[in-house]
Amino acid sequence: MYVIGLEGTAHTAGVGIVSSEGDVLANVKSVYTTEVGGFRPRDAAAHHAREFPGLIRQALEVSGLSPGDLGLVAFSQGPGMGPCLRTTAVAARTIALALRIPIVGVNHCVAHLEIGRLRTGAEDPVMLYVSGGNTQVIAYAAGRYRVFGETLDIGIGNMLDKLAREMGLGFPGGPRIMEMARRGERLLDLPYSVKGMDVAFSGILTAAKAHLRRGARPEDVAFSVQEYAFAMVVEAAERAMAHLGKEEILLAGGVALNERLQEMARIMAEERGASYHCPEPEFLPDNGAMIAWTGYLMYSSGVRMRIEDTVVRQNFRTDEVEVTWR
Amino acid sequence: MEVIILKRGAESVIILDEWEGFQVVVKRRNPRSYRHPELDKRLRKERMRREARLLRQARASGVPTPHVLDVRDSDLVLEWLPFPTLKEVLGEHRDWACRELGRLVARLHLARIVHGDLTTSNMLTDGKRIYLLDFGLARVSESAEDRGVDLHLIEEALKSAHPGMEDCFREVLEGYREEFPEPGPVLEKLEEIRLRGRYVER
């Protein structure tokens, strides 16, 4: 069976095609960005509406399949921005109705975990999921994926974006901060906020801005923010591993593209005698393949949805999904 | 004297040592090489000091804990209490220990401290008193959520390490109610946390 998956919870419109054997045949995307100013959900949704038809055609082309070969359509049902989710759902429903194939709505966070398991072979990992809006430590327990730790204020990626804007760097901020951090030398004083398995970042942002105002080298600020923020999330993940007795760490989310974060997570795993897992770069940020694969897992374990069940869910919680396929 | 490692945990090692002629327990926080060395050093030092402070405050509030004898860099030097853990002997002492444990946790909470790691292996008893150990995850908090988590940790620890002692937790709550004025919000949170299932055992 071939499954097409549509991702569209935030900036990214992504389309992936996977086979029931777990081969990824296509994984294309288009990312909404702004030169100035912040993220406008309605503009992002308009971007997705514009891009999806072309992306779907492109995915079919790359995979060498024709529409008639598709047996299932999956889409990101939530959590995310309402306008983006609704646009994506309309595109998915259109495919389902036009091709007369079944449709399933997928939880975006669960999809990150499942594509990570597929690509890395991790079996029962603690997932450190770090992106613009999300910062969560997720693991499987008692039939569901549960959030064991998360940010108490802003997402780690949002924090990096805001810092980048403060420094006059563009969006997304993460890659530019990483470049700049390479030339940092001095570790500046910042708040380190880990409470149990939860973290908080707004204090770091405030302190980093204050350092900049006082004339600190931006390179040192970028370096210090990375050292603090990444150590915090790695420690939160480490605590979850100790608490749950799990021996694999899996990275997910766009911020996990950062080499320093990867290095820290790898060292932490080595020191605990655990294993480190990080999928290829294309599967870290939001992508369509993760939705397609999770949709397949759900469908093959008996999950069925009518069109009426495909209403989007902006606040779709990870632990609301009954994991029927494990 | 030979140095004996009592426990090698994820956060720290516990060593039996000698200090000024006394037998003592030294708690040494493990370095984390994924962290920048300066940050790591700073954190270990801060956390040791916080732990020492909270141990002393707990004791001053009527919660038995080992005496803090010294804090040096990232080492905590503690009084050696040669007693079995509550995990080992809860069965013999259940007639008084469960209720007493609830009272102690209430006293701790009234002193604005949450422990964060309340398992029966972090408790010792001489048959008359219960001593709380390991304040490594403890912090100052007055939130019903944090207090509820403390109670839930005990519940989970009893369930996993002491099967067949289900009514012990009921007595823990009785003891807590005795000592904690207006425990309503905390007990409501406990119920909520149970349903959330975030702290379920593996």
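Caption draft 1: Representation of the state of the cysteines. Inspection of the entire model under this criterion finds 1 disulfide over all chains. Note on cysteine connectivity: Cys98 of chain B is disulfide-linked to Cys168 of chain B, with sulfurs 2.1 Å apart. Across the disulfide from Cys98 of chain B to Cys168 of chain B, rotation about the S-S bond amounts to roughly -105 degrees, and the bridge is consequently left-handed. Here Cys98 of chain B is found in helix H2 (residues 86–110), whereas its partner Cys168 of chain B is found in helix H4 (residues 166–179), with 70 residues between them in sequence. Across this residue pair, the class does not change: Cys98 of chain B and Cys168 of chain B are buried. Free of any disulfide, Cys84 of chain A has its nearest cysteine sulfur in Cys109 of chain A, 15 Å distant. Not engaged in a disulfide, the cysteine Cys278 of chain A finds its nearest cysteine sulfur in Cys109 of chain A; these two sulfurs lie 17 Å apart. With a relative accessible area of 24%, Cys278 of chain A lands in the partly exposed category.

Caption draft 2: Main features of the interface of chain B and chain A. Counting residues at the interface gives 21 residues for chain B and 34 residues for chain A. In this assembly, chain B packs against chain A so that about 2200 Å² is buried in total across both faces, 50% of it on carbon and sulfur atoms. Counting every contact that joins chain B to chain A gives 4 salt bridges. Across the salt bridge formed by Glu235 of chain A and Arg35 of chain B, the nearest N and O atoms sit 3.2 Å from each other. The dominant element in the side of chain B that touches chain A, judged by the number of residues it contributes, is helix H1 (residues 37–60) of chain B, at 5 residues.

Conventions adopted
Residues numbered from 1 in each chain as written. Chains lettered and ligands numbered in written order. Predicted model: local features only at pLDDT ≥ 70, side-chain atom pairs only at ≥ 80, totals over all residues. Heavy atoms only, no water. Disulfide = S-S within 2.5 Å. Helix = DSSP H or I, 4+ residues; strand = E, 2+ residues; numbered from the N terminus. Buried < 20%, exposed > 50% of the residue type's maximum accessible area, 1.4 Å probe, protein only. Contact = heavy atoms within 4.5 Å. Buried area = accessible area lost by both parts, 1.4 Å probe. Salt bridge = Lys/Arg side-chain N within 4 Å of Asp/Glu carboxyl O.

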